[in-house]
Amino acid sequence: MLFFPLFLKLADTNQEILQYGRSFEVEKILSDERCRTLKLFTSVFGVGPKTAEKWYRRGFRSFSGVLSEPSIQLNRMQQSGFLHYGDISRAVSKAEAQAVGNIIDEAVHVITPNAILALTGGFRRGKEIGHDVDFILTTPELGREESLLISVIDHLKKQHHLMDN
């Protein structure tokens, strides 16, 4: 019987969406200052929910507030996340994803000619635009997969396709 009130709430929400084309409860939650701020902070590479919550509780509501606070020590991932925020948060086209895939595939085959790189995620499902590019990298050589990714990353860094900051 614990699920019955939840079921009724879901039914009400579904009815609201069918009747009005939206859920007022969801809109209320999404427009909440805390929700918006946590979403903003966690959109930065390297900032997880705990850090976002900590910054929110300290009164920060913007990137500029966080970045201008001398007591906040950003780790390397967060520094990169803020530095490259515009590029990282920009949508990626399927053509761009395939171009990245070609670069990675070339590096993979320099290291292990019989390896397989497959585009996965939204682009494999037919999406034309996404916010990340997912690949699966595998090889038929048992045990070779353990060092393959590190070797590919090193190769891409040497070719200046990856930054190491």
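Criteria and thresholds
- Residues numbered from 1 in each chain as written.
- Predicted model: local features only at pLDDT ≥ 70, side-chain atom pairs only at ≥ 80, totals over all residues.
- Heavy atoms only, no water.
- UniProt positions renumbered as here; feature names shortened; annotations may be inferred.
- Buried < 20%, exposed > 50% of the residue type's maximum accessible area, 1.4 Å probe, protein only.
- Helix = DSSP H or I, 4+ residues; strand = E, 2+ residues; numbered from the N terminus.
- Contact = heavy atoms within 4.5 Å.
- Polar contact = N/O pair within 3.5 Å; in protein donor to acceptor, adjacent residues only side chain to side chain.
- Phe/Tyr/Trp six-rings, centres within 6.5 Å; stacked < 30°, edge-to-face > 60°.
- Lys NZ or Arg CZ within 6 Å of the ring centre and 35° of its normal.
- Salt bridge = Lys/Arg side-chain N within 4 Å of Asp/Glu carboxyl O.
- Axes fitted to C-alpha atoms, helices over the stretch in contact; angles between N-to-C directions.
- Left-handed = near helix turned anticlockwise from the far one by under 90°.
- Nonpolar A, V, L, I, M, F, W, Y, C, P; charged D, E, K, R; others polar.

- If you look the protein chain up in an unreviewed UniProt entry, it shows as DNA polymerase from Ameca splendens.
- Per UniProt, the comment on the protein chain under Sequence similarities (unreviewed entry) is "Belongs to the DNA polymerase type-X family."

Observations regarding helix 6 (residues 76-83)
Two residues of an α-helix separated by three or four positions point the same way, owing to the 3.6 residues in each turn.
Here's step 1: Here helix 6 has its buried residues at Gln78, Ser80, Gly81 and Phe82.
Here's step 2: Buried residues belonging to helix 6 abut helix 4 (49-57), helix 5 (63-67) and helix 7 (85-89).
Here's step 3: The N-cap residue of helix 6 is Asn75: its side-chain oxygen and the backbone nitrogen of Met77 are 3.0 Å apart.

Regarding the packing of aromatic side chains
Here's step 1: Across all of its chains, the model carries five aromatic pairs by this definition.
Here's step 2: Taking the centre distance of 5.0 Å and the plane angle of 75° together, the rings of Phe63 and Tyr85 count as edge-to-face. Residue Phe63 is located in helix 5, and its partner Tyr85 is located in helix 7; the two are separated by 22 residues in the primary sequence.
Here's step 3: On the basis of relative accessibility, which here comes to 24%, the residue Tyr85 falls in the partly exposed class.
Here's step 4: Among the aromatic residues, those joined into a ring-pair cluster are Phe41, Trp55, Phe63, Phe82 and Tyr85.
Here's step 5: The ring of Tyr56 carries the charged tip of Arg61 above its face, separated from the ring centre by 3.7 Å.

Topic: the pattern of salt bridges
Here's step 1: Evaluated as defined, the whole model comprises five salt bridges.
Here's step 2: In this structure, Arg22 engages Glu27 in a salt bridge whose closest nitrogen and oxygen atoms are separated by 3.3 Å.
Here's step 3: Using a relative accessible area of 41% as the deciding quantity, one classes Arg22 as partly exposed.
Here's step 4: For Glu27, a relative accessible area of 34% translates into the label partly exposed.
Here's step 5: As a salt-bridge pair, Arg61 and Glu33 come within 3.5 Å of each other at their nearest N and O atoms. Of this pair, Arg61 sits in the loop between helix 4 and helix 5 while Glu33 sits in helix 3 (residues 33-42), placing them 28 residues apart in sequence.
Here's step 6: Because the salt bridges share partners, they merge into one network encompassing Arg34, Glu53 and Arg57.

Comments concerning the packing of helix 8 (residues 94-111) against helix 10 (residues 145-158)
Here's step 1: Look at helix 8 against helix 10: their axes get within 9 Å of each other, and the N-to-C directions meet at 115°. Note that helix 8 runs across helix 10; the crossing there is right-handed. Touching Ile103, Ile104, Ala107, Val108, Val110 and Ile111 of helix 8 are Leu148, Ser151, Val152, His155 and Leu156, all from helix 10.
Here's step 2: Class assignment for the residues of the contact of helix 8 with helix 10 results in nine nonpolar, two polar and no charged.

Overview of unusual backbone geometry
Here's step 1: Phi is positive for His160, which is not a glycine, with a value near 65°.
Here's step 2: Here His160 shows up in the segment after helix 10.

Thoughts on helix 4
Here's step 1: Of the positions making up helix 4, those classed as buried are Thr51, Ala52, Glu53, Trp55 and Tyr56.
Here's step 2: Buried-residue contacts for helix 4 involve helix 3, helix 5 and helix 6.
Here's step 3: After helix 4 finishes, the residue Gly59 shows a positive phi value of roughly 100°.

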